[in-house]
Amino acid sequence: MSKNPWELADRVLAGETLSATDAMTILQAKGAELTAILAGAHRLREQTFANRIELCSIINAKSGRCAENCSFCSQSAHHATNAPVYPLKSLEEIVAGAYKAEAEGSHCYGIVTSGTRPQAGEEMQRILTALGQIRATTQIEPSASLGILDAETARSLAEAGCVTYHHNLETARSYFPQICTTHDYEDDVQTVRLAKQAGMKVCCGGIFGLGESLEQRAELAFTIRDLEVDSVPLNFLNPIAGTPLEQMRDLQPLDCLRIIALFRYLLPNKRISVCGGREPNLRDFQSWIFMAGASGTMVGNYLTTSGRDRETDLQMFRDAEVEIHAC
């Protein structure tokens, strides 16, 4: 290793920007060196967030029949999976989900739809109305994840009350053609920029364990850092039968912790949340996500897979001695 891993947190706190070499030091760390890196990431998290964490929840508001061919996704029309298929849920269902998420302690509630981009007309109007109602009647922060945006749609979402737009880059630019060929990586980058220009916060991360190299994990982290997003969701592949990656098992629990730590070192003041794939990939190390630098996690169910029951997660938070930051 080129530099002392015990000194990485000191350098970040001194205002230094870590290099690609430093990123590889984190991603390759083992034994006591990994312990030191995790301790440094924990220190960086506490510097901004103390022992507080934030919870987020989502509703799969429209499922299946997506025209994109993302190789990990059960909702792609290109793959034969058992994922549910249904049109946009009713206004009442979407808003009721926000009330439930708020009651259960979530700080952010995401309306997620399948498809390349939002469908204009009644469907989009229903989403805008839901965002407005949630913003007006709850303390929770509504967010949306609707696919690729244009400037006009981004402005409409912001005006309706969408606090945060969620749009993942999924993987490194250099690896993206191995994962998706139905749209260009730059479309995703531009969506992040348009959401920011419209005045929304941006939640932008990726999914790991797709077969990417360590260098490509670092590449994605640097891209997200340079986009200056507000929060970063980290997902770990939960292989779905019927997708091209159904046999992919590329992550061990400590790999996940290294990835979380990398993002904390590169983005010391940003919200970093562990989302999809937490349970099957981290297994007995789930509570370690906070020591690795995460400042939040998703609770409840994911898009097409189930999460843990709420009480089990609440017990984990108590055991980890972290405090849920209320709305």
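I will try to describe carefully the structure that is included in this document. As the structure is a computational prediction, the values presented were derived from the model and not from experiment.

## Some points on empty space enclosed by the protein
Right, on to step 1. By the definition in use, this model includes 1 cavity of 30 Å³ or more.
Right, on to step 2. Empty space within the largest cavity amounts to approximately 30 Å³.
Right, on to step 3. Forming the boundary of the largest cavity are K62, T113, S114, G115, R117, P118, Q119, E123 and L146.
Right, on to step 4. Among the residues making up the lining of the largest cavity, the classes are represented as 2 nonpolar, 4 polar and 3 charged.

## Re the packing of helix α3 (residues 31-49) against helix α9 (residues 253-266)
Right, on to step 1. At a minimum axis separation of 9 Å, α3 and α9 run at an interaxial angle of 45°. In terms of their interaxial angle, α3 and α9 are classed as oblique. As α3 packs across α9, the resulting crossing turns out to be left-handed. From α3, L34, A36, I37, L38, G40, A41, L44, R45 and F49 reach across to α9, where they touch L254, L257, R258, A261, R264 and Y265.
Right, on to step 2. Class assignment of the residues belonging to the contact of α3 with α9 gives a composition of 11 nonpolar, 1 polar and 3 charged.

## Quick notes on the state of the cysteines
Right, on to step 1. The tally for this structure, following the rule as stated, stands at 0 disulfides.
Right, on to step 2. The closest cysteine sulfur to the non-disulfide-bonded C56 is located on C275, 4.5 Å from its own sulfur.
Right, on to step 3. Relative accessible area serves as the criterion here: at 15%, C56 is assigned to the buried category.
Right, on to step 4. Take C108: it sits in no disulfide, and the sulfur closest to it among the cysteines is that of C56, at 6.2 Å.

## Digging into the nonpolar core
Right, on to step 1. Core analysis: the largest hydrophobic core is formed by 93 residues, its most contacted members being L157, F236, F263 and Y265.
Right, on to step 2. Considering every element that reaches this core, the biggest residue donor is α9, with 9 residues.
Right, on to step 3. Beyond its immediate sequence surroundings of up to four residues, F236 is in contact with I207, F208, L251, C256, I259, I260, V274, G276, G277, N281 and L282.

Reading the values: rules and limits
Residues numbered from 1 in each chain as written. Predicted model: local features only at pLDDT ≥ 70, side-chain atom pairs only at ≥ 80, totals over all residues. Heavy atoms only, no water. 1 Å grid on protein atoms, 1.4 Å probe; cavity = no way out; pocket = protein on both sides within 12 Å on 5 of 7 lines; lining within 4 Å. Points joined across faces, edges and corners; volume = space filled by probe spheres on them. Nonpolar A, V, L, I, M, F, W, Y, C, P; charged D, E, K, R; others polar. Axes fitted to C-alpha atoms, helices over the stretch in contact; angles between N-to-C directions. Helix = DSSP H or I, 4+ residues; strand = E, 2+ residues; numbered from the N terminus. Parallel < 35°, antiparallel > 145°, perpendicular 65-115°, else oblique. Left-handed = near helix turned anticlockwise from the far one by under 90°. Contact = heavy atoms within 4.5 Å. Disulfide = S-S within 2.5 Å. Buried < 20%, exposed > 50% of the residue type's maximum accessible area, 1.4 Å probe, protein only. Core = buried A, V, L, I, M, F, W, Y, C linked by side-chain atoms within 4.5 Å.

These values are about where atoms sit, not about what they do.
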